[in-house]
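# Results of the structural survey
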Amino acid sequence: MTQKATVLFDAPGPRAKTRNAIVGAIGVAVLAGAFAWVLYRFDQTGQFDAKKWDPFQYSGIQQLIFDGLKSTLKAFALAVVFSLILGALLAAGRLSDHRPVRWAATAFVTFFRAMPLLILIYFLYVAPAKLSGWPSWLHWMNDPLWPLVIGLTLYNGTVQAETMRAGILALPRGQSEAAYALGMRKSQVMMTILVPQGIRAMLPTIISQMVVTLKDTSLGFIITYPELLYTARQIGAVQDYGLPIIPAAIVIGTIYILLCIALSVFAVWLEKFLGKSRQGRPAKIETLPGESLAAAAVVSGDR
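This section reports on the structure supplied with the text. (Residues numbered from 1 in each chain as written. Predicted model: local features only at pLDDT ≥ 70, side-chain atom pairs only at ≥ 80, totals over all residues. Heavy atoms only, no water.)

### Section: the overall build of the protein
Quick reminder of the rule: Only DSSP runs of H or I covering at least 4 residues are called helices, and only runs of E covering at least 2 are called strands; the numbering of each starts at the N terminus. Exposed residues in this analysis have more than 50% of their type's maximum accessible area, buried residues have under 20%, and partly exposed residues fall in between, with area computed by a 1.4 Å probe over protein chains only. By the convention used here, residues are in contact when the closest approach between their heavy atoms is within 4.5 Å. Only the protein chains shown count as cover for residues, with accessible areas throughout obtained via the Shrake-Rupley method and a probe of 1.4 Å.
The helix and strand inventory of the protein stands at eleven helices and zero strands. Secondary structure elements in the protein, listed N-terminal to C-terminal, are α-α-α-α-α-α-α-α-α-α-α. Taken across its 303 residues, the protein has 34% of its residues classed as buried. Across the protein, every contact between residues at least 6 apart in sequence was considered, and the portion connecting residues at least 24 apart equals 73%. Accessible area for the protein stands at about 18900 Å²; split by element, carbon and sulfur atoms hold 66% of it.

Structure below.
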């Protein structure tokens, strides 16, 4: 084992390796036993009976699941786009030099990060119908899609804002100082120096939050939005097939897992793609003595 890999901990010896192997084997055995016990209980309660799985062979049920998938992806796509836009605006506000703008953005982020998402979605769905004097042009809020999307946008947008802000602040201060020394405005510094460099550092966390957004679309079933979980509830309530709620949950849960895996695979591909595109650029930039890389890059670009 190299010195670099053992800076923070001692290399395990023969006894430690044996102990780790035993603990790992016990952990795997416990998990396997728990999984086997769950399968046994499902079998004992008749969850694997053919009658409970019959609905999934009919085209009507398959179409119902497909429609739920489309509704889930629709809410997810809208929430992701809007939350990224909101996150960028809030991150810019949090980094603003104007104190009122910075305070307003901070208060907004703090409030909606602390607000439970389920309560927020339910309030957005119930409030338009309950509050007297509500503007008539907000009748579109009666569609459960928009309370779900707006709730997901407000919550995930604030999380994405903190991710973007942290990614920009993590960059070396010399990058921005060199750009300011060249007479660049703050907007120019952000767009040409800080954001392009910080986006690669922010990308894994942004994609992880997108996975959270995808899973949070299941909260739409509380307001009767016809997404996958609501579809599973409808299928599980069919009396003629013995209330197949467990089979429906297994099928819908598998779809959620596959969607999250697909999004994770896309994140890995995107990170590799950005890495290749970066490698294709000229890597060597001539710098003068005492000149930082940011200043050299800007001057080189001006030439």
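### What to know about unusual backbone geometry
One non-glycine residue, Thr224, lies in positive phi territory at about 65 degrees. With respect to the secondary-structure elements, Thr224 resides in the loop between helix H8 (186-216) and helix H9 (228-236).

### A short note on the side chain of Asp216
When you line up the elements, Asp216 lands in helix H8. When near neighbours in sequence (up to four residues on either side) are disregarded, Asp216 contacts Leu117, Leu148 and Leu152.

### Side note on a nonpolar patch on the surface
Which entries qualify depends on this criterion: Patches were defined on residues exceeding 30% relative accessible area and lacking a salt bridge, with like-charge contacts within 9 Å and nonpolar side-chain contacts (Val, Leu, Ile, Met, Phe, Trp, Tyr) within 5 Å. Whenever a carboxyl oxygen of Asp or Glu lies within 4 Å of a side-chain nitrogen of Lys or Arg, that contact is scored as a salt bridge.
A contiguous nonpolar surface patch, about 350 Å² in accessible area, is contributed by Phe35, Leu39, Phe48 and Ile250. By secondary structure assignment, the location of Phe48 is in the loop between helix H1 (14-44) and helix H2 (50-53). What makes Phe48 partly exposed here is its relative accessible area of 35%.

### Quick notes on the nonpolar core
For soluble globular proteins, nonpolar side chains are generally found buried alongside one another. For the record, the criterion: Put simply, buried Ala, Val, Leu, Ile, Met, Phe, Trp, Tyr and Cys residues joined by side-chain atoms within 4.5 Å make one nonpolar core.
One finds Phe76, Ile207, Met210 and Leu263 to be the most contacted residues of the largest nonpolar core, which totals 15 residues. Among the elements of the structure, helix H3 (59-94), H8 and helix H10 (245-279) are those that each provide at least two residues to this core. With seven residues, H8 is the single largest residue contributor to this core. Every residue in contact with Ile207, bar those within four places of it in the chain, is listed here: Leu263 and Ala267.

### Some thoughts on the packing of H3 against helix H6 (residues 145-169)
The cut-off we apply is this: Between N-to-C directions, angles cover 0 to 180 degrees, with each direction set by a line fitted to C-alpha atoms, over the stretch in contact for helices. Angle categories are assigned with fixed cut-offs, so that under 35 degrees is roughly parallel, over 145 is roughly antiparallel, 65 to 115 is roughly perpendicular, and the rest are oblique. By definition, turning the near helix anticlockwise from the far helix through less than a right angle yields a left-handed crossing, and turning it clockwise yields a right-handed one. The residue classification treats Ala, Val, Leu, Ile, Met, Phe, Trp, Tyr, Cys and Pro as nonpolar and Asp, Glu, Lys and Arg as charged. All others, Gly included, are polar.
At a minimum axis distance of 6 Å, the contact between H3 and H6 shows a crossing angle of 40 degrees. Classified by the angle their axes make, H3 and H6 are oblique. Between H3 and H6 lies a crossing of right-handed hand. In terms of residue class, the contact of H3 with H6 is built from 17 nonpolar, seven polar and four charged.

### Structural notes on the packing of aromatic side chains
We apply this condition: Geometry of aromatic contacts follows a simple scheme: Phe, Tyr and Trp rings, the Trp one being its six-membered ring, pair when their centres are within 6.5 Å, and the pair is stacked under 30 degrees between planes, edge-to-face over 60, tilted otherwise.
Taken as a whole, this structure holds five aromatic pairs when the rule is applied. A centroid spacing of 4.6 Å and a plane angle of 50 degrees characterise the contact between Phe108 and Phe112, whose relative ring orientation is tilted. Here Phe108 and its partner Phe112 are both found in helix H4 (residues 99-114), four residues apart, which amounts to about one turn of the helix. The exposure class of Phe108 is partly exposed, given its relative accessible area of 28%. Put simply, the rings of Phe108, Phe111 and Phe112 pair up and form one aromatic cluster.

### Quick word on the pattern of salt bridges
Going through the model one piece at a time under the given rule, you end up with four salt bridges. Asp67 serves as the salt-bridge partner of Lys70, at 3.8 Å between the closest nitrogen and oxygen. With Lys70 and Asp67 both in helix H3 and three residues apart, this pair spans about one turn of that helix. Since its relative accessible area comes to 44%, Lys70 is described here as partly exposed. Notably, a salt bridge pairs Arg165 with Glu162, separated by 3.2 Å at the nearest N-O pair. Of the two residues, Arg165 and Glu162 both sit in helix H6, three residues apart, roughly one turn of that helix. Arg165 gets classed as partly exposed once you look at its relative accessible area, which sits at 21%. Overall, the relative accessible area of 15% leaves Glu162 in the buried class.

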